[in-house]
Amino acid sequence: MPSLDWLLDLLFPPKCPFCGTLLEKGALLCPDCQKSLPWLTPAAGEKKVELTEGCVSPLAYRGKVPDGVHGFKFDGRSARSKPFGRLIAQCVRDRDITADLVTWPPLSPKRLKQRGYDQARLLAQAVGEELALPVVPTLRKPKDNPAQSGLEDEGARRANVLGAYVILNREAVQGKTILLVDDVVTTGSTLSECAKVLRLAGAKAVICATLARAR
């Protein structure tokens, strides 16, 4: 282990991202969470998303998962991107999914300033590292629309993200199969809107992967 990693583990020992239990060296989750988390079967972990090849997720959004994701997104626990990204990457590998690059649905500048980091970007970077794929910013979000989490109706969610994203890097996506990474998929409206922009820019295909699936 590089000396810097050793020092970081000494000062900030790794903890289970879902319950905070100190982990043994090399462990991704604590034994209790490994057994009790709401793991999805391959069929249940696949969701149809318009304009994409579908979305895969290793976990259901229940039990300890919502608190784990909330802490990651809103409580500054950005280090959870590493174990979460590894879980997503393993889900992708288990299904023999191949892609040319990894990208993510970005935050608006206003939301990024408030939060201090883009959690989807951190997830994408962790997934790209695990899968040895380039991580490329392909989209930007000039529109600061209300959070999707506050909307229950599928139609309202779809309308909320309509036109929210624009292409940032057209050349990078042309003819490419893109792995689009996010934290949670609910109706799929955000992923579908991003896929629409990517496909219009010339992407060959968009495959989605998230940590968890709601509903």
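Residues numbered from 1 in each chain as written. Predicted model: local features only at pLDDT ≥ 70, side-chain atom pairs only at ≥ 80, totals over all residues. Heavy atoms only, no water.

Novice: A description of the packing of aromatic side chains should follow, citing residues and the corresponding values.
Specialist: One pass over the full model with this rule turns up two aromatic pairs. When the centroid spacing of 5.2 Å and the interplanar angle of 40° are considered together, the rings of F18 and F84 count as tilted. Note that F18 is positioned in the loop between helix 1 (3–11) and helix 2 (31–36) and F84 in helix 4 (residues 81–94), a separation of 66 residues in sequence. One exposure class covers both F18 and F84, and it is buried. One aromatic cluster is present, built from ring pairs that chain together F18, F72 and F84. (Phe/Tyr/Trp six-rings, centres within 6.5 Å; stacked < 30°, edge-to-face > 60°. Helix = DSSP H or I, 4+ residues; strand = E, 2+ residues; numbered from the N terminus. Buried < 20%, exposed > 50% of the residue type's maximum accessible area, 1.4 Å probe, protein only.)

Novice: Please provide a residue-by-residue account of the pattern of salt bridges, values included.
Specialist: Under the criterion given, the structure shown has eight salt bridges. A salt bridge links K64 to D32; the shortest N-O distance between them is 3.0 Å. Within this pair, whereas K64 is found in the loop between strand 3 (59–60) and helix 3 (65–74), its partner D32 is found in helix 2, the two being separated by 32 residues in sequence. Judged by relative accessible area, K64 falls into the partly exposed class, the value being 29%. For D32, a relative accessible area of 46% translates into the label partly exposed. Through salt bridges with shared partners, a single ionic network connects K110, R111 and D144. (Salt bridge = Lys/Arg side-chain N within 4 Å of Asp/Glu carboxyl O.)

Novice: Residue-level account of the nonpolar core, with values.
Specialist: Within the largest apolar cluster, 36 residues are counted, with the highest numbers of intra-cluster contacts made by F18, L59, I88, L179 and V181. For this core, the elements supplying multiple residues, two or more each, are helix 3, helix 4, helix 6 (119–131), strand 7 (177–185) and strand 8 (205–213). The element that contributes the greatest number of residues to this core is helix 4, accounting for six residues. Dropping the residues within four chain positions of it, V181 is found in contact with I88, V102, T103, W104, P105, A120, L123, A124, V127 and A209. Formed by 21 residues, the second largest nonpolar core is a distinct cluster that contains V136, Y165, V173 and L191. (Core = buried A, V, L, I, M, F, W, Y, C linked by side-chain atoms within 4.5 Å. Contact = heavy atoms within 4.5 Å.)

Novice: Run through unusual backbone geometry, naming residues and quoting values.
Specialist: If you check the backbone angles, D96 has positive phi at about 55° while not being a glycine. Among the residues examined, D96 registers a relative accessible area of 65% and is labelled exposed. Positive phi outside glycine occurs at A132, with the angle close to 55°. If you trace the backbone, A132 turns up in the loop between helix 6 and strand 5 (139–140). Classification of A132 as exposed rests on a relative accessible area of 69%.

Novice: Hey, could you go over helix 4 for me, with residue numbers and the actual values?
Specialist: The periodicity of an α-helix, 3.6 residues per turn, causes residues three or four positions apart to be oriented the same way. Across its 14 residues, helix 4 extends 20 Å between first and last C-alpha, which sits within 8% of the 20 Å expected from 1.5 Å per residue. Buried within helix 4 are the following residues: S81, P83, F84, G85, L87, I88, A89, C91 and V92. Downstream of helix 4 by one or two residues, D96 has phi in the positive range, about 55°. (Expected span 1.5 Å × (residues − 1).)

Novice: Give me the packing of helix 4 against helix 6: which residues, what numbers.
Specialist: Axis separation between helix 4 and helix 6 bottoms out at 8 Å; the angle between their running directions is 55°. With respect to each other, helix 4 and helix 6 are oriented oblique. The element helix 4 and its partner helix 6 pack so that their crossing is right-handed. Contact with helix 4, carried on its side by S81, K82, F84, G85, R86, I88, A89, V92 and R93, involves L122, L123, A126, V127, E129, E130 and L131 of helix 6 and no other residues of that element. Tallied by class, the residues present in the contact of helix 4 with helix 6 amount to nine nonpolar, two polar and five charged. (Axes fitted to C-alpha atoms, helices over the stretch in contact; angles between N-to-C directions. Parallel < 35°, antiparallel > 145°, perpendicular 65-115°, else oblique. Left-handed = near helix turned anticlockwise from the far one by under 90°. Nonpolar A, V, L, I, M, F, W, Y, C, P; charged D, E, K, R; others polar.)

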